[in-house]
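# Structure at a glance
In case you want the letters, here they are:
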Amino acid sequence: MASLTQVLELLQATLKPWAFNDYCPNGLQVQGKENVQLLVSGVTASQALIDAAIDLQADAILVHHGYFWKGENACVVGMKKNRLKALLMNDVSLLAYHLPLDAHPELGNNQQLALRLGITIDGALYPDNPKQVGNIGTLPQAMSADQLAAQLMKVLGQAPTHIAGGSAQIKKVGFCTGAAQGFIEQAVLMGCDAYISGEISEPTVHVAREAGIHYFAAGHHATERYGVQALGEFVAQRLGVRHQFVDIANPV
């Protein structure tokens, strides 16, 4: 067991959220009980995740996608009211880390995805901006687009959307988990054979085809399952709390 203060201090010191200009507050978003015995982690603080955590008698929930995003309606009504009520009535804390978790060099979403795909990280996708997320790396061996798609399917459990635009063999890849399809042009500038992210948008198709790069949309949820698990395990090992990851299925 650890105090909530100890958990928060460890997370803050590890992820350094003050270094990022993010779209939401990072850290403790909803305060619950003073001590944490069971920490439940998940990708998004949905009602389904909250309900599962309450059923498990969790003291705190750790997520990548929390609340209070820039531009969202600030009124506590409807879905937001139901989520916050469930947390507050059950005295469950909510801790959320967005860009700081994407970018962490060991526990982050990009690093954890690279580990599972066997990608050796060679550097940042934006080498002149240390606060930006995304990486470039090298596959263990040259692959065809079909082989890389099969590897993504094997690792993530769902078939990626592939837009063919590059060479026959893929060796150098750019990647950034989640809704990072807009970084594809940077991957082109960095000389990548392929670019991998979570989501796809209509313009991404044309960029891939016209710029000559393979694009793989592997799923926002699927590509961001691993960072929060690694972070939860890190907290458990350091502070002696129990940790359980709950995967709320999401096809996007």
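Computed from a prediction, not measured in an experiment: that's the story for all the values here. (Residues numbered from 1 in each chain as written. Predicted model: local features only at pLDDT ≥ 70, side-chain atom pairs only at ≥ 80, totals over all residues. Heavy atoms only, no water.)

## Describing unusual backbone geometry
Where we set the bar: A run of H or I in DSSP counts as a helix once it spans at least four residues, and a run of E counts as a strand once it spans at least two, with each numbered from the N terminus. Think of it in three bands: with a 1.4 Å probe and only protein chains considered, a residue is buried below 20% of the maximum accessible area for its type, exposed above 50%, and partly exposed in between.
Even without being glycine, K16 reaches a positive phi, approximately 50°. Here K16 shows up in the loop between α1 (4-15) and β2 (27-30). The class of K16 is partly exposed, set by a relative accessible area of 41%. The residue D91 is not glycine, and still its phi comes out positive at about 60°. Locating D91 in the fold gives a position in the loop between α3 (78-89) and β6 (93-96).

## A short note on the sheet that holds strand β11 (residues 194-197)
To keep things clear, this is the line we draw: By the convention used here, strands pair only if DSSP detects at least 2 bridges between them. Note on geometry: axes are C-alpha line fits, over the in-contact stretch for helices, and angles between N-to-C directions span 0 to 180 degrees.
As summarised here, the arrangement of the six strands in space is β7-β8-β10-β11-β12-β9, forming an open sheet in which the pairing is mixed. Across the chains shown, the open sheet's two edge strands, defined by having one partner strand only, are β7 (120-124) and β9 (161-163). Neighbour to neighbour, the strand axes of the sheet diverge by 25° on average, direction disregarded. Both strand β10 (residues 170-176) and β11 contribute to a ladder of four bridges, which runs parallel. Residue pairing for β11: G174 is matched across the bridge by Y195.

## A short note on the pattern of salt bridges
Definition in use: Salt bridge criterion: a side-chain nitrogen from Lys or Arg within 4 Å of a carboxyl oxygen from Asp or Glu.
A complete count under the given rule lists three salt bridges for this structure. Residue K33 pairs with D59 through a salt bridge whose shortest N-O separation is 3.6 Å. Here the residue K33 occupies a position in the loop between β2 and β3 (35-36), and D59 occupies one in the loop between α2 (47-55) and β5 (60-65), the gap between them amounting to 26 residues. Overall, the relative accessible area of 8% leaves D59 in the buried class. Between K80 and E72 there is a salt bridge, with its nearest N and O atoms 2.8 Å apart. Residue class for K80 comes out buried when judged on its relative accessible area of 17%.

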